[in-house]
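Now for the letters of each chain:
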Amino acid sequence: MPDTAAKNGHDGCALVTGGTRGIGAAIAERLEADGWKVARLGRTSGDVQADVGDAAQVKAAFDEVRERFGPILVLVNNAGVRHDGLAIRMPEEEWQEVVNVSSVVAERANAGQANYVAAKAGLLGFTRTIAREMAKRGVTCNAITPGVIETDMTADLADGLLQAVPAGRVGRPDEVAAAVAFLVSEEAAYVNGATLAVDGALGA
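Residues numbered from 1 in each chain as written. Predicted model: local features only at pLDDT ≥ 70, side-chain atom pairs only at ≥ 80, totals over all residues. Heavy atoms only, no water.

1. Section: the overall build of the protein chain
Assigned secondary structure in the protein chain consists of seven helices and seven strands. Sequence-ordered secondary structure for the protein chain, helices as α and strands as β, is α-β-α-β-β-α-β-α-β-α-β-α-α-β. Out of the 204 residues belonging to the protein chain, those deemed buried represent 46%. Within the protein chain, residue pairs in contact and separated by at least 24 positions form 62% of the contacts whose partners lie at least 6 positions apart. Split by element, the accessible area of the protein chain, about 10,200 Å² in all, is 50% carbon and sulfur. (Helix = DSSP H or I, 4+ residues; strand = E, 2+ residues; numbered from the N terminus. Buried < 20%, exposed > 50% of the residue type's maximum accessible area, 1.4 Å probe, protein only. Contact = heavy atoms within 4.5 Å. Areas by Shrake-Rupley, 256 points an atom, 1.4 Å probe, with all protein chains shown as cover.)

2. Here's the deal with the packing of helix 2 (residues 22-33) against helix 7 (residues 173-183)
For the pair helix 2 and helix 7, the least separation of the axes is 8 Å and the interaxial angle reads 50 degrees. Taken together, the axes of helix 2 and helix 7 lie oblique to each other. At the point where helix 2 passes helix 7, the crossing takes the right-handed sense. Between helix 2 and helix 7, the residues in contact are Gly22, Ile23, Ala26, Ile27, Arg30 and Leu31 and Pro173, Asp174, Val176, Ala177, Ala178, Val180 and Ala181, respectively. Each residue belonging to the contact of helix 2 with helix 7 can be placed in one class, and the counts come to 10 nonpolar, one polar and two charged. (Axes fitted to C-alpha atoms, helices over the stretch in contact; angles between N-to-C directions. Parallel < 35°, antiparallel > 145°, perpendicular 65-115°, else oblique. Left-handed = near helix turned anticlockwise from the far one by under 90°. Nonpolar A, V, L, I, M, F, W, Y, C, P; charged D, E, K, R; others polar.)

3. A few points about unusual backbone geometry
With a phi close to 70 degrees, alanine 201 is a non-glycine residue in the positive phi region. In this structure, alanine 201 sits in the segment after strand 7 (195-198). Judged by its relative accessible area of 36%, alanine 201 falls in the partly exposed class.

4. Looking at the pattern of salt bridges
Applying the stated rule across the entire model yields 10 salt bridges. Put simply, glutamate 32 and arginine 40 hold a salt bridge, and the shortest N to O gap is 3.0 Å. Here arginine 68 ties to glutamate 64 by a salt bridge, and the two come within 3.0 Å at their closest N and O atoms. Residue arginine 68 and its partner glutamate 64 are both found in helix 3 (residues 55-69); the two are separated by four residues, about one turn of the helix. What makes arginine 68 partly exposed here is its relative accessible area of 47%. On the basis of relative accessibility, which here comes to 33%, the residue glutamate 64 falls in the partly exposed class. If you follow the salt bridges from partner to partner, you end up with Arg169, Arg172, Asp174 and Glu175 in one network. (Salt bridge = Lys/Arg side-chain N within 4 Å of Asp/Glu carboxyl O.)

5. Focus on the nonpolar core
The nonpolar side chains of soluble globular proteins are, as a tendency, buried together. Counting 23 residues, the largest nonpolar core has Ile27, Leu31, Trp36, Val76 and Ile144 as the members making the most contacts within it. Contributing elements (two or more residues each) for this core: strand 1 (13-17), helix 2, strand 4 (72-77), strand 5 (97-101) and helix 7. Isoleucine 144 has contacts with Val99, Asn100, Val101, Ser102, Ser103, Val176, Ala179, Val180, Leu183, Leu196 and Val198, leaving out every residue within four places of it along the chain. (Core = buried A, V, L, I, M, F, W, Y, C linked by side-chain atoms within 4.5 Å.)

6. Topic: helix 2
With 12 residues, helix 2 should reach 16 Å at 1.5 Å per residue; the first-to-last C-alpha distance of 17 Å fits that figure. When we look at burial in helix 2, the residues that qualify are Ile23, Gly24, Ala25, Ala26, Ile27, Ala28 and Leu31. Glycine 35 sits one or two positions beyond helix 2 and adopts a positive phi of about 100 degrees. (Expected span 1.5 Å × (residues − 1).)

Laid out in structure tokens, this is it:
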């Protein structure tokens, strides 16, 4: 792996919650390929284990990541949608980029998913609020809204939902990972408070 400090101009790491499977694993692999030191957080596996819905576990996990990997400069909120896991507090000097993984349902509601839609939509508001609050400190906070992505969670996808995707296919985890890689890059330094759809025009 390339030397992180040499390639990225800093000595720090990227923390990917839910980074052990599906979209999270693809994001972690892509960031590593781009030269980041990556800490994968999972509930029962990964470099660090924690339930993102438990504030005490989250704090302990962050402390462990800092000790083992260095300052957390990139945070990818990929696991869970609970408030406790989203309102993570870190020292301001450690923040650089935050990417929240929401969902296409945040802007295109699905019947029967009121709680899920509410959580994902709330995440977009959270993203814009953090962007405004932290912009003067050089921190960017953006969101990605994946559509139907090929993971174990969509293995039993109903044909009707797939037919609703204008692109005519499911997305790949590496396509979501590529969007994250862009948002945490220097090229996206002026992109802040944005929502990037990776959904084959499902939310259009």
